[in-house]
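The lines below spell out each chain.
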Amino acid sequence: MFTPQGPSLRELTVQALSSVEHGYDLLASKFDATPFRTSDRLLTAVTSTLETLGPFDSGLDVCCGTGAGLGVLRSVCAGRITGVDFSTGMLTRARNAHPTADLVRADALALPFAPAFDLAVSFGAFGHFLPADQRTLFAQVHAALRPGGTFAFPLPAPPPVGSRLYWTLWGFDAAMRVRNAVWRPPFVMYYRTFRLADVRTRLEATGFEVSLTAIEPLGRREDGSPHCRLVVARRK
Ligand SMILES: C[S@@+](CC[C@H](N)C(=O)[O-])C[C@H]1O[C@@H](n2cnc3c(N)ncnc32)[C@H](O)[C@@H]1O
């Protein structure tokens, strides 16, 4: 799962004992060699799915990190692309990888944008937002989109109850809850707090019209359901 180019166990431990923002500053130089960076396979599949929904003008990557989603925006947006993140270290890496993108340091819970973007995307970051903060996050993205603008993000199907992945994610979240009960600052990162039904309800309560599109290149499960869906939330 981890490569020699990635962080050592000690480095990951120090990161996990920090705040989210400082933790990512520490991890930034090696982030792209970790499994936490969104995979090129998923990015390519999302790009081809978004291409069927466009065209799009200006684009925003929320919690852009080192810029994984900026490449997607570059492919599907005709206008300017912008990444926003609160980690200076991650933004520095994003700037190196995407020199023509606008990169803004800000908390996603207080976005500093007028309602101008045509498309907003986000990858791999929702676990950092507790359910109450997800409402604020969605409201902030909603306010950054022009009327009719689109907020799109991939949402993998949950692992079957009792599967190895199910127990791995359950164990990770349990360990994180223990860590956050005994250690400050908190490091909010949970895998099981972003379920489709709840997410849909929160998006609709924010004023989005929500539809789901199967990300076909990622295939289907034995029961015929997609491995991963693109949640497409349109600002009314
Ligand atoms: C797992 S990384 C994902 C990065 C990138 N989107 C990707 O898919 O590779 C999560 C990112 O979210 C950012 N982040 C977490 N909480 C944030 C917040 N409240 N405001 C802005 N950025 C945040 C972190 O700094 C980090 O860069």
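> Got a sec to walk through the pattern of salt bridges? Specific residues and values, please.
Two side chains carrying opposite charge are able to pair once their charged atoms lie near each other. Enumeration over the complete set of coordinates arrives at eight salt bridges. Residues Arg80 and Asp102 are paired through a salt bridge, measuring 2.8 Å at the closest nitrogen-oxygen approach. A residue pair is termed long-range when its members are at least 10 positions apart, and Arg80 in the loop between α4 (68-76) and β2 (81-85) and Asp102 in strand β3 (residues 102-105) qualify at 22 residues. Using a relative accessible area of 30% as the deciding quantity, one classes Asp102 as partly exposed.

> Describe helix α6 (residues 131-144), with residues and values.
Look at α6: 20 Å from first C-alpha to last across 14 residues, which is about the 20 Å you get at 1.5 Å a residue. The inward-facing, buried residues of α6 abut β1 (59-62), β4 (117-122), β5 (145-156), α8 (196-206), β6 (208-214) and β7 (228-235).

> Now, about the domain arrangement of the protein chain: what can you tell me, with residues and values included?
One can read the domain layout of the protein chain as domain 1 (1-37), domain 2 (38-158 + 195-235) and domain 3 (161-193). If you average the C-alpha positions of domain 1 and of domain 3, the two centres end up 17 Å apart. Taken together, the contact between domain 1 and domain 3 spans eight residues of the former and seven residues of the latter. For the domain 1 and domain 3 pair, buried surface summed over both sides reaches about 580 Å², with 64% attributable to carbon and sulfur atoms. Three residues stand out in domain 1 for area buried against domain 3, namely Ala16, Leu17 and Val20, and they jointly supply 61% of the buried area on that side. The interface formed by domain 1 and domain 3 contains three residue pairs in polar contact (both at pLDDT 80 or more). Among the elements of the structure, α1 (9-16) and α2 (20-27) are those that each provide at least two residues to the side of domain 1 that touches domain 3. Among the residues making up the side of domain 1 that touches domain 3, the classes are represented as five nonpolar, three polar and no charged.

Each value, and the rule that gives it
- Numbers given to residues run from 1 along each chain, matching the order in which its sequence is written.
- Given that the model is predicted, a residue must reach a pLDDT of at least 70 before its local features are reported, and side-chain atom pairs must reach 80 or more before they are shown or counted; all residues, however, enter totals for whole chains, interfaces and linings.
- Here the side-chain values reflect all heavy atoms present in the structure, with hydrogen atoms and water set aside.
- The rule for a salt bridge is simple: a side-chain nitrogen of Lys or Arg has to be within 4 Å of a carboxyl oxygen of Asp or Glu.
- Note on conventions: DSSP H or I runs of at least 4 residues are helices, E runs of at least 2 residues are strands, and numbering of each starts at the N terminus.
- Any residue under 20% of the maximum accessible area for its type is buried, any over 50% is exposed, and the rest in between are partly exposed; the area is computed with a 1.4 Å probe on protein chains only.
- What a helix is expected to span follows from its residue count: subtract one and scale by 1.5 Å.
- In what follows, a contact means two residues having at least one pair of non-hydrogen atoms within 4.5 Å.
- Domains are outlined according to an automatic or database domain assignment.
- Buried area: the sum, over both parts, of the accessible surface (1.4 Å probe) that disappears when the two are put together.
- Here a polar contact means two N or O atoms within 3.5 Å. Within protein one must be a hydrogen donor candidate and the other an acceptor candidate, and residues neighboring in sequence count only if both atoms are side-chain atoms.
- Only Asp, Glu, Lys and Arg are considered charged, only Ala, Val, Leu, Ile, Met, Phe, Trp, Tyr, Cys and Pro nonpolar, and every remaining residue, Gly among them, polar.

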